[in-house]
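Here is what each chain is made of, one letter per residue.
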Amino acid sequence: MTNRILWILMALLAIIGGVFALANPLAASVAATVIAGWVFVFTGVFQTIAGFRAEGTGAKIFTILLGLLGIWVGITLLGHPLKGMVALTTVVAAMFIASGIAKIVLSFSLEDRRFFWMILISGVASTALGLVIFANFPVSAATSLGLLLGINLLFDGISALAMAFTSDGQAEGEA
């Protein structure tokens, strides 16, 4: 199987997943919450194991406690996915606002003004998106994660499709 075919298959899978996520954002939000829960559990387990191997008492205790916290967050998300969805949506909205404000401040501090407007508009858009999520809370908690997942999957699929038709998407010796 050539690289081009792999890129196309990956693109189609991402685009189909994105369409399904956008068609049912509530189910996609729950799925994103469950995936996040499992990621917290697994990273927490690995961090706890790494903590036992850490040098120094302080580093060992701190690493183990952070690992156990990750496991607890993951189990909580898996045990209460709807409450977890609300919590994750709150965090995502706060991150949009924080990163938007940071981009706005950055845009005004740039010495090279060629990219001023792009960074400023990106900052305003991120801040506005975070405020829209908070303004529609708690209704937005049911769909925001799924919509963001769907949009991300669509863009991932489009970029993978673009890669399939570039020279970088071809295997050695492939024409």
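Parameters and conventions
Chains are numbered independently. Their residues run from 1 in the order of the written sequence. Residue-level local features of this predicted model are given only where pLDDT is at least 70; pairs of side-chain atoms are given and counted only at 80 or more, and the full residue set underlies all totals for whole chains, interfaces and linings. In computing side-chain values, all of the structure's heavy atoms are included and hydrogens and water are not. In DSSP terms, a helix is any run of H or I states spanning at least four residues, a strand is any run of E spanning at least two, and both are numbered starting from the N terminus. The atom set for the radius of gyration is the C-alpha atoms, and the globule formula is 2.2 Å times the number of residues raised to the power 0.38. Burial classification: accessible surface area is computed with a 1.4 Å probe over protein chains only, and a residue below 20% of its type maximum counts as buried, one above 50% as exposed, and the rest as partly exposed. Here, two residues are considered to be in contact whenever any of their heavy atoms come within 4.5 Å of each other. Residue burial considers only the protein chains on display, and all accessible areas are found by Shrake-Rupley using a 1.4 Å probe. We count Lys and Arg on the positive side and Asp and Glu on the negative side, and we leave His and both chain ends out. Note on charges: their place is set at NZ of Lys, CZ of Arg, CG of Asp or CD of Glu. What pLDDT expresses is the predictor's confidence in each residue, scored from 0 to 100.

### Considering the overall build of the protein chain
In step 1: Secondary structure assignment for the protein chain yields 6 helices and 0 strands.
In step 2: Each helix and strand of the protein chain, ordered N terminal to C terminal, gives the series α-α-α-α-α-α.
In step 3: Taken over C-alpha atoms, the radius of gyration comes to 20 Å for the protein chain, far larger than the 16 Å a tight globule of 175 residues would show.
In step 4: Counting over 175 residues, the protein chain shows a buried share of 27%.
In step 5: Considering only contacts in the protein chain between residues 6 or more positions apart, those separated by 24 or more positions represent 75%.
In step 6: Within the structure as shown, the protein chain displays about 10900 Å² of accessible surface, and the carbon and sulfur contribution to it stands at 78%.
In step 7: Of the side chains in the protein chain, 7 bear a positive and 7 a negative charge, and the two mean positions are spaced by 13 Å.

### Let's talk about the confidence of the model for the protein chain
In step 1: A residue-level look at the protein chain finds 94% of positions with pLDDT of 70 or above and a mean pLDDT of 88.
In step 2: At the level of individual helices and strands, the protein chain shows its lowest average pLDDT in helix α6 (residues 139-164), which scores 86, and its highest in helix α2 (residues 25-53), which scores 93.

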